[in-house]
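Secondary and tertiary structure notes
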Amino acid sequence: MNKRKKNSVARKFIFSCTLTLVVLLGMMLIGGGVYSGIQSLVRPPVIPAYVEIRPHSHIAGPDGYSRENIGIIFPREEDVTIMERKPYFYTFLFFGIDNSNNTDVIMVGALDTVEKEAYLVSVPRDTRIKTERRLKKPVSSYAVGRANGGGHEGGIAELTSDVKSLFGFEPDYYVRIDYRAFERAVDSVGGVRVNVAFHMRYDDPIDNLHINIPAGAQILNGKQAIQFARYRMGNPGYQTITDYQRVANQQQIVRAMFNELMTPATIARIPELIGIYRDHVYTDMSHSEMLWFGGQLTHLRETTLSTYTIPTLGTSGSPSWFELPDRDGILELVNRTISPFVDEITAEMVSIAE
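The rules behind the values
- Residues numbered from 1 in each chain as written.
- Predicted model: local features only at pLDDT ≥ 70, side-chain atom pairs only at ≥ 80, totals over all residues.
- Heavy atoms only, no water.
- Helix = DSSP H or I, 4+ residues; strand = E, 2+ residues; numbered from the N terminus.
- Buried < 20%, exposed > 50% of the residue type's maximum accessible area, 1.4 Å probe, protein only.
- Contact = heavy atoms within 4.5 Å.
- Areas by Shrake-Rupley, 256 points an atom, 1.4 Å probe, with all protein chains shown as cover.
- Phe/Tyr/Trp six-rings, centres within 6.5 Å; stacked < 30°, edge-to-face > 60°.
- Lys NZ or Arg CZ within 6 Å of the ring centre and 35° of its normal.
- Axes fitted to C-alpha atoms, helices over the stretch in contact; angles between N-to-C directions.
- Parallel < 35°, antiparallel > 145°, perpendicular 65-115°, else oblique.
- Left-handed = near helix turned anticlockwise from the far one by under 90°.
- Nonpolar A, V, L, I, M, F, W, Y, C, P; charged D, E, K, R; others polar.
- Pairing = 2+ DSSP bridges.
- Salt bridge = Lys/Arg side-chain N within 4 Å of Asp/Glu carboxyl O.
- Polar contact = N/O pair within 3.5 Å; in protein donor to acceptor, adjacent residues only side chain to side chain.
- Arc of directions from axis to C-beta.

This brings us to the overall build of the protein. On a plain count of helices and strands, the protein comes out with eight helices and 16 strands. Looking at the protein residue by residue over its 354 residues, the buried ones come to 52%. Restricting to contacts in the protein with at least 6 residues of sequence separation, those with at least 24 account for 69%. Per element, the accessible surface of the protein, about 16,800 Å² overall, is 51% carbon and sulfur.

So, about the packing of aromatic side chains. Tallied over the full model, the rule gives eleven aromatic pairs. With centroids separated by 5.6 Å and ring planes inclined at 80°, the aromatic side chains of Tyr 173 and Phe 293 adopt a geometry described as edge-to-face. You can see Tyr 173 sitting in strand S8 (residues 173-177) and its partner Phe 293 sitting in helix H7 (residues 287-297), a full 120 residues away along the chain. Across the pair, exposure class does not vary: Tyr 173 and Phe 293 are buried alike. Between Trp 292 and Phe 293 the ring centres are 5.6 Å apart and the planes differ by 70°, which places this aromatic pair in the edge-to-face class. For Trp 292, a relative accessible area of 8% puts it in the buried group. Residue Phe 293 is classed as buried on the basis of its relative accessible area, which comes to 0%. These aromatic residues form a ring-pair network of at least three members: Tyr 90, Phe 92, Phe 94, Tyr 173, Trp 292 and Phe 293. The ring of Phe 322 is capped by Arg 128, whose NZ or CZ atom sits 4.8 Å from the centre of that ring.

Put simply, helix H3 (residues 180-188) and helix H4 (residues 222-230) touch, their axes get as near as 7 Å, and they point 125° apart. Compared by their axis directions, H3 and H4 come out oblique. Judged by the sense of rotation from one axis to the other, the crossing of H3 with H4 is right-handed. Contact residues: H3 offers Phe 182, Glu 183, Val 186 and Asp 187, while H4 offers Gly 222, Lys 223, Ala 225 and Ile 226. A per-class count over the contact of H3 with H4 returns four nonpolar, one polar and three charged.

With that settled, consider the sheet that holds strand S6 (residues 103-112). With respect to topology, six strands assemble into an open sheet ordered S13-S8-S5-S6-S7-S14, the strand pairing being mixed. Since the sheet does not close on itself, it has two edges, and those belong to strand S13 (281-283) and strand S14 (305-309), each with one partner. Going across the sheet, the axis of each strand differs from the next one's by a mean of 20°, ignoring polarity. Summarising the sheet, S6 and strand S7 (residues 117-122) pair through six bridges and their orientation is antiparallel. Note that in S7 the partner of Gly 109 across the bridge is Leu 120.

This part takes up the pattern of salt bridges. Going through the model one piece at a time under the given rule, you end up with eight salt bridges. Salt-bridge contacts for Glu 158 lead to Arg 133; the nearest nitrogen and oxygen are separated by 2.6 Å. Of this pair, Glu 158 sits in helix H2 (residues 141-167) while Arg 133 sits in the loop between S7 and H2, and the two are 25 residues apart along the sequence. By relative accessible area, Glu 158 is classed as buried at 1%. Taking relative accessible area as the criterion, Arg 133 reaches 2% and is therefore assigned buried.

Further remarks concern H4. Owing to its 3.6 residues per turn, the α-helix aligns residues three or four sequence positions apart on the same side. Among the residues making up H4, those that are buried are Gly 222, Ala 225, Ile 226, Gln 227, Phe 228 and Ala 229. Capping the start of H4, Asn 221 holds a side-chain oxygen 3.2 Å from the backbone nitrogen of Lys 223, two or three residues further along.

Those residues of H3 not exposed but buried are Ala 181, Phe 182, Ala 185, Val 186 and Ser 188. Along H3, the residues classed as buried sweep out an arc of 160° about the axis, all on the same side. Where H3 terminates, the next one or two residues include Gly 190, which has phi positive at roughly 85°.

The following block contains the structure:
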(Lines give C-alpha, C1' and ligand atoms only; values in the text may rest on other atoms or scores of the structure.)
Protein backbone atom coordinates (compact mmCIF):
# COMPACT_ATOMS: atom_id res chain seq x y z
CA MET A 1 0.00 0.00 0.00
CA ASN A 2 1.55 3.31 -1.04
CA LYS A 3 1.59 6.33 1.27
CA ARG A 4 -1.18 8.13 -0.59
CA LYS A 5 -3.49 5.12 -0.42
CA LYS A 6 -2.68 4.54 3.24
CA ASN A 7 -3.47 8.17 4.10
CA SER A 8 -6.69 7.90 2.10
CA VAL A 9 -7.77 4.89 4.19
CA ALA A 10 -7.02 6.77 7.42
CA ARG A 11 -8.96 9.82 6.24
CA LYS A 12 -11.89 7.63 5.21
CA PHE A 13 -11.95 6.02 8.66
CA ILE A 14 -12.00 9.35 10.53
CA PHE A 15 -14.64 10.72 8.17
CA SER A 16 -16.84 7.61 8.46
CA CYS A 17 -16.70 7.70 12.27
CA THR A 18 -17.98 11.26 12.26
CA LEU A 19 -20.85 10.48 9.88
CA THR A 20 -21.90 7.41 11.85
CA LEU A 21 -21.93 9.36 15.12
CA VAL A 22 -24.06 12.14 13.63
CA VAL A 23 -26.59 9.81 12.03
CA LEU A 24 -27.06 7.29 14.84
CA LEU A 25 -27.14 9.70 17.76
CA GLY A 26 -29.20 12.09 15.67
CA MET A 27 -31.87 9.43 15.18
CA MET A 28 -31.85 8.67 18.89
CA LEU A 29 -32.17 12.35 19.71
CA ILE A 30 -35.15 12.60 17.37
CA GLY A 31 -36.82 9.85 19.37
CA GLY A 32 -36.02 11.45 22.70
CA GLY A 33 -36.54 15.10 21.79
CA VAL A 34 -39.63 14.84 19.60
CA TYR A 35 -41.51 12.16 21.48
CA SER A 36 -40.65 13.34 24.99
CA GLY A 37 -44.35 13.35 25.84
CA ILE A 38 -44.50 9.54 25.84
CA GLN A 39 -41.23 8.92 27.69
CA SER A 40 -43.14 7.99 30.82
CA LEU A 41 -44.65 5.06 28.89
CA VAL A 42 -41.27 3.73 27.75
CA ARG A 43 -39.34 1.62 30.23
CA PRO A 44 -35.55 1.16 30.34
CA PRO A 45 -34.22 -1.96 28.60
CA VAL A 46 -33.61 -4.88 30.93
CA ILE A 47 -30.06 -6.22 30.91
CA PRO A 48 -29.09 -9.15 33.20
CA ALA A 49 -27.28 -8.00 36.34
CA TYR A 50 -24.64 -10.70 35.90
CA VAL A 51 -23.07 -12.14 32.78
CA GLU A 52 -20.80 -15.08 32.03
CA ILE A 53 -17.51 -14.13 30.35
CA ARG A 54 -16.05 -17.07 28.46
CA PRO A 55 -12.64 -17.33 26.84
CA HIS A 56 -12.61 -15.75 23.41
CA SER A 57 -13.05 -18.19 20.54
CA HIS A 58 -12.40 -17.51 16.87
CA ILE A 59 -15.55 -18.36 14.95
CA ALA A 60 -14.13 -18.07 11.44
CA GLY A 61 -11.49 -20.46 10.21
CA PRO A 62 -9.24 -20.12 7.16
CA ASP A 63 -12.14 -20.95 4.84
CA GLY A 64 -14.61 -18.57 6.38
CA TYR A 65 -17.61 -18.62 8.65
CA SER A 66 -18.60 -21.72 10.57
CA ARG A 67 -21.88 -21.39 12.46
CA GLU A 68 -21.22 -24.36 14.74
CA ASN A 69 -18.04 -22.74 16.03
CA ILE A 70 -19.72 -19.72 17.62
CA GLY A 71 -18.59 -19.50 21.24
CA ILE A 72 -17.33 -22.37 23.37
CA ILE A 73 -20.14 -24.86 23.70
CA PHE A 74 -18.93 -26.65 26.82
CA PRO A 75 -16.47 -24.41 28.68
CA ARG A 76 -14.88 -25.73 31.81
CA GLU A 77 -16.33 -24.19 34.95
CA GLU A 78 -12.98 -22.69 35.91
CA ASP A 79 -12.80 -20.91 32.52
CA VAL A 80 -16.01 -18.94 33.07
CA THR A 81 -15.90 -15.59 34.88
CA ILE A 82 -19.09 -14.16 36.35
CA MET A 83 -19.14 -10.37 36.06
CA GLU A 84 -21.55 -7.97 37.74
CA ARG A 85 -23.04 -5.32 35.44
CA LYS A 86 -23.19 -1.62 36.23
CA PRO A 87 -26.86 -0.67 36.63
CA TYR A 88 -28.50 1.13 33.71
CA PHE A 89 -25.26 1.07 31.73
CA TYR A 90 -25.64 0.10 28.06
CA THR A 91 -23.16 -0.66 25.29
CA PHE A 92 -23.48 -0.43 21.50
CA LEU A 93 -21.59 -1.66 18.46
CA PHE A 94 -21.76 0.92 15.64
CA PHE A 95 -20.41 -0.02 12.25
CA GLY A 96 -20.62 1.07 8.64
CA ILE A 97 -19.95 -0.98 5.52
CA ASP A 98 -19.11 -0.23 1.91
CA ASN A 99 -20.60 -1.81 -1.21
CA SER A 100 -18.41 -4.90 -0.73
CA ASN A 101 -19.53 -5.40 2.88
CA ASN A 102 -16.13 -4.30 4.17
CA THR A 103 -16.39 -2.70 7.60
CA ASP A 104 -15.14 0.84 7.06
CA VAL A 105 -16.01 2.08 10.53
CA ILE A 106 -16.20 0.27 13.87
CA MET A 107 -17.07 2.00 17.12
CA VAL A 108 -18.17 0.77 20.52
CA GLY A 109 -20.25 3.20 22.52
CA ALA A 110 -21.50 3.25 26.08
CA LEU A 111 -24.33 5.18 27.71
CA ASP A 112 -24.19 5.53 31.48
CA THR A 113 -27.67 6.75 32.39
CA VAL A 114 -26.83 6.90 36.12
CA GLU A 115 -23.79 9.18 35.81
CA LYS A 116 -25.25 10.90 32.70
CA GLU A 117 -22.17 10.23 30.58
CA ALA A 118 -21.59 8.76 27.12
CA TYR A 119 -18.47 7.35 25.51
CA LEU A 120 -17.45 6.33 22.02
CA VAL A 121 -14.32 4.27 21.27
CA SER A 122 -13.23 3.78 17.66
CA VAL A 123 -11.38 0.76 16.28
CA PRO A 124 -9.24 1.42 13.18
CA ARG A 125 -10.24 -0.92 10.36
CA ASP A 126 -6.62 -2.12 9.98
CA THR A 127 -6.18 -3.13 13.63
CA ARG A 128 -4.45 -6.50 13.90
CA ILE A 129 -6.78 -9.01 15.54
CA LYS A 130 -6.36 -12.59 16.71
CA THR A 131 -8.30 -14.71 14.27
CA GLU A 132 -7.86 -17.76 12.08
CA ARG A 133 -8.96 -15.76 9.05
CA ARG A 134 -6.40 -15.04 6.37
CA LEU A 135 -7.09 -11.30 6.61
CA LYS A 136 -6.51 -10.51 10.25
CA LYS A 137 -8.23 -7.13 10.29
CA PRO A 138 -11.75 -6.19 11.43
CA VAL A 139 -12.38 -4.56 8.04
CA SER A 140 -13.13 -8.09 6.79
CA SER A 141 -15.12 -9.34 9.80
CA TYR A 142 -18.66 -8.65 8.63
CA ALA A 143 -17.96 -9.63 5.02
CA VAL A 144 -16.49 -13.01 5.98
CA GLY A 145 -19.31 -13.86 8.35
CA ARG A 146 -21.94 -12.80 5.84
CA ALA A 147 -20.46 -14.38 2.72
CA ASN A 148 -19.55 -17.80 4.06
CA GLY A 149 -22.86 -19.21 5.19
CA GLY A 150 -23.91 -16.88 7.98
CA GLY A 151 -25.80 -14.12 6.18
CA HIS A 152 -26.38 -10.87 8.06
CA GLU A 153 -26.46 -12.62 11.44
CA GLY A 154 -23.20 -14.38 10.64
CA GLY A 155 -21.61 -11.05 9.81
CA ILE A 156 -22.79 -9.58 13.10
CA ALA A 157 -21.52 -12.63 15.02
CA GLU A 158 -18.09 -12.46 13.38
CA LEU A 159 -17.69 -8.74 13.99
CA THR A 160 -18.94 -9.04 17.57
CA SER A 161 -16.45 -11.84 18.20
CA ASP A 162 -13.58 -9.64 17.02
CA VAL A 163 -14.77 -6.73 19.15
CA LYS A 164 -14.96 -9.00 22.18
CA SER A 165 -11.39 -10.14 21.57
CA LEU A 166 -10.22 -6.52 21.90
CA PHE A 167 -12.54 -5.24 24.64
CA GLY A 168 -13.45 -8.32 26.70
CA PHE A 169 -17.24 -8.02 26.33
CA GLU A 170 -19.96 -8.22 23.70
CA PRO A 171 -21.93 -4.98 23.18
CA ASP A 172 -25.61 -5.11 24.08
CA TYR A 173 -26.84 -3.76 20.74
CA TYR A 174 -25.58 -3.28 17.20
CA VAL A 175 -26.26 -0.51 14.71
CA ARG A 176 -25.30 -0.65 11.02
CA ILE A 177 -25.17 2.66 9.15
CA ASP A 178 -25.51 3.59 5.48
CA TYR A 179 -23.48 6.79 4.96
CA ARG A 180 -25.96 8.22 2.46
CA ALA A 181 -27.98 9.03 5.57
CA PHE A 182 -25.59 11.83 6.54
CA GLU A 183 -26.14 13.96 3.46
CA ARG A 184 -29.89 13.38 3.60
CA ALA A 185 -30.08 14.17 7.31
CA VAL A 186 -28.20 17.47 6.90
CA ASP A 187 -30.44 18.51 4.01
CA SER A 188 -33.56 17.50 5.94
CA VAL A 189 -32.79 19.97 8.74
CA GLY A 190 -32.04 22.78 6.29
CA GLY A 191 -28.26 22.57 6.52
CA VAL A 192 -25.78 23.12 9.34
CA ARG A 193 -24.19 26.35 10.56
CA VAL A 194 -20.40 26.28 10.61
CA ASN A 195 -17.51 28.72 10.61
CA VAL A 196 -15.06 27.95 7.80
CA ALA A 197 -11.63 29.26 8.84
CA PHE A 198 -10.24 29.65 5.33
CA HIS A 199 -11.16 29.14 1.68
CA MET A 200 -11.25 25.39 1.04
CA ARG A 201 -10.38 24.56 -2.56
CA TYR A 202 -9.42 21.08 -3.73
CA ASP A 203 -9.98 19.05 -6.90
CA ASP A 204 -9.36 15.33 -7.27
CA PRO A 205 -10.74 14.10 -10.62
CA ILE A 206 -9.86 10.48 -9.78
CA ASP A 207 -12.28 10.48 -6.84
CA ASN A 208 -14.59 12.97 -8.58
CA LEU A 209 -14.11 15.23 -5.55
CA HIS A 210 -14.36 18.99 -6.06
CA ILE A 211 -14.37 21.23 -2.97
CA ASN A 212 -14.91 24.98 -3.16
CA ILE A 213 -16.12 26.44 0.14
CA PRO A 214 -15.35 30.11 0.89
CA ALA A 215 -14.18 31.26 4.31
CA GLY A 216 -16.62 32.61 6.89
CA ALA A 217 -19.70 31.70 8.93
CA GLN A 218 -22.32 30.06 6.71
CA ILE A 219 -24.91 27.30 6.31
CA LEU A 220 -23.68 24.19 4.49
CA ASN A 221 -25.99 21.75 2.72
CA GLY A 222 -25.46 17.99 2.93
CA LYS A 223 -23.00 17.77 0.06
CA GLN A 224 -20.98 20.74 1.33
CA ALA A 225 -20.98 19.36 4.88
CA ILE A 226 -19.43 16.14 3.58
CA GLN A 227 -16.82 18.14 1.69
CA PHE A 228 -16.05 20.24 4.79
CA ALA A 229 -15.58 17.05 6.83
CA ARG A 230 -13.34 15.46 4.18
CA TYR A 231 -11.09 18.44 3.45
CA ARG A 232 -7.38 17.72 4.04
CA MET A 233 -5.30 18.65 1.00
CA GLY A 234 -5.60 21.96 -0.84
CA ASN A 235 -4.91 22.90 -4.43
CA PRO A 236 -1.65 24.81 -5.07
CA GLY A 237 -1.95 28.16 -3.32
CA TYR A 238 -4.65 26.90 -0.93
CA GLN A 239 -4.24 25.69 2.65
CA THR A 240 -3.50 22.10 3.61
CA ILE A 241 -4.41 20.98 7.13
CA THR A 242 -3.43 18.21 9.52
CA ASP A 243 -5.65 15.28 10.48
CA TYR A 244 -6.07 16.89 13.91
CA GLN A 245 -7.46 20.04 12.28
CA ARG A 246 -9.78 17.96 10.17
CA VAL A 247 -11.06 16.17 13.28
CA ALA A 248 -11.82 19.60 14.77
CA ASN A 249 -13.81 20.48 11.63
CA GLN A 250 -15.73 17.22 11.91
CA GLN A 251 -16.50 17.87 15.56
CA GLN A 252 -17.87 21.26 14.53
CA ILE A 253 -20.20 19.45 12.10
CA VAL A 254 -21.32 17.07 14.88
CA ARG A 255 -22.17 19.94 17.24
CA ALA A 256 -23.94 21.86 14.48
CA MET A 257 -26.04 18.83 13.54
CA PHE A 258 -27.02 18.18 17.15
CA ASN A 259 -28.04 21.82 17.54
CA GLU A 260 -30.30 21.60 14.49
CA LEU A 261 -31.87 18.31 15.57
CA MET A 262 -32.78 19.70 18.98
CA THR A 263 -34.70 22.73 17.70
CA PRO A 264 -38.53 22.82 17.66
CA ALA A 265 -38.41 22.97 13.85
CA THR A 266 -37.34 19.31 13.85
CA ILE A 267 -40.97 18.33 14.51
CA ALA A 268 -41.99 19.35 10.99
CA ARG A 269 -39.23 17.15 9.56
CA ILE A 270 -40.23 13.97 11.36
CA PRO A 271 -41.58 12.14 8.26
CA GLU A 272 -38.36 12.68 6.28
CA LEU A 273 -36.11 11.85 9.22
CA ILE A 274 -38.04 8.65 9.88
CA GLY A 275 -37.60 7.77 6.21
CA ILE A 276 -33.84 8.28 6.50
CA TYR A 277 -33.77 6.03 9.54
CA ARG A 278 -35.85 3.38 7.77
CA ASP A 279 -33.69 3.42 4.63
CA HIS A 280 -30.21 3.66 6.12
CA VAL A 281 -30.07 2.44 9.74
CA TYR A 282 -30.19 -1.24 10.72
CA THR A 283 -30.27 -2.26 14.38
CA ASP A 284 -31.51 -4.86 16.83
CA MET A 285 -32.85 -2.11 19.11
CA SER A 286 -36.62 -2.03 19.29
CA HIS A 287 -38.47 1.24 18.66
CA SER A 288 -39.32 1.56 22.34
CA GLU A 289 -35.69 0.97 23.33
CA MET A 290 -34.50 3.63 20.90
CA LEU A 291 -37.06 6.06 22.26
CA TRP A 292 -35.86 5.43 25.79
CA PHE A 293 -32.20 5.84 24.82
CA GLY A 294 -33.11 9.02 22.95
CA GLY A 295 -34.74 10.41 26.06
CA GLN A 296 -31.60 9.66 28.05
CA LEU A 297 -29.38 11.36 25.45
CA THR A 298 -31.37 14.57 25.78
CA HIS A 299 -30.27 14.74 29.43
CA LEU A 300 -26.60 14.77 28.48
CA ARG A 301 -24.51 17.89 28.19
CA GLU A 302 -22.30 18.30 25.17
CA THR A 303 -19.23 17.89 27.38
CA THR A 304 -20.39 14.50 28.65
CA LEU A 305 -19.94 12.78 25.27
CA SER A 306 -16.30 11.67 25.18
CA THR A 307 -14.70 10.15 22.07
CA TYR A 308 -11.54 8.05 21.83
CA THR A 309 -9.59 5.75 19.51
CA ILE A 310 -8.00 2.57 20.84
CA PRO A 311 -4.29 3.00 21.65
CA THR A 312 -1.88 1.35 19.24
CA LEU A 313 1.85 0.68 19.16
CA GLY A 314 2.22 1.95 15.61
CA THR A 315 2.04 0.24 12.25
CA SER A 316 3.64 -3.00 11.11
CA GLY A 317 4.52 -1.40 7.80
CA SER A 318 4.61 -3.16 4.46
CA PRO A 319 3.11 -5.46 3.31
CA SER A 320 0.19 -5.77 5.76
CA TRP A 321 0.06 -2.26 7.26
CA PHE A 322 -1.45 -3.50 10.51
CA GLU A 323 -2.24 -1.07 13.30
CA LEU A 324 -0.73 -2.92 16.27
CA PRO A 325 -3.03 -2.78 19.32
CA ASP A 326 -1.64 -1.72 22.70
CA ARG A 327 -3.15 -4.26 25.11
CA ASP A 328 -2.37 -2.40 28.32
CA GLY A 329 -3.55 0.89 26.84
CA ILE A 330 -6.77 -0.67 25.58
CA LEU A 331 -7.54 -2.24 28.96
CA GLU A 332 -6.96 1.07 30.75
CA LEU A 333 -9.19 2.93 28.28
CA VAL A 334 -11.98 0.34 28.28
CA ASN A 335 -12.11 0.07 32.07
CA ARG A 336 -12.21 3.86 32.36
CA THR A 337 -14.94 4.38 29.76
CA ILE A 338 -17.06 1.72 28.04
CA SER A 339 -16.75 -1.34 30.27
CA PRO A 340 -20.21 -2.36 31.51
CA PHE A 341 -18.81 -4.21 34.53
CA VAL A 342 -18.36 -3.21 38.16
CA ASP A 343 -14.98 -4.97 38.35
CA GLU A 344 -12.20 -4.33 35.86
CA ILE A 345 -11.71 -6.34 32.70
CA THR A 346 -8.38 -8.16 32.95
CA ALA A 347 -5.79 -9.30 30.44
CA GLU A 348 -7.11 -12.85 30.73
CA MET A 349 -10.49 -11.74 29.41
CA VAL A 350 -9.18 -10.34 26.12
CA SER A 351 -7.35 -11.93 23.20
CA ILE A 352 -5.21 -9.21 21.66
CA ALA A 353 -2.63 -9.89 18.98
CA GLU A 354 0.94 -9.30 20.09
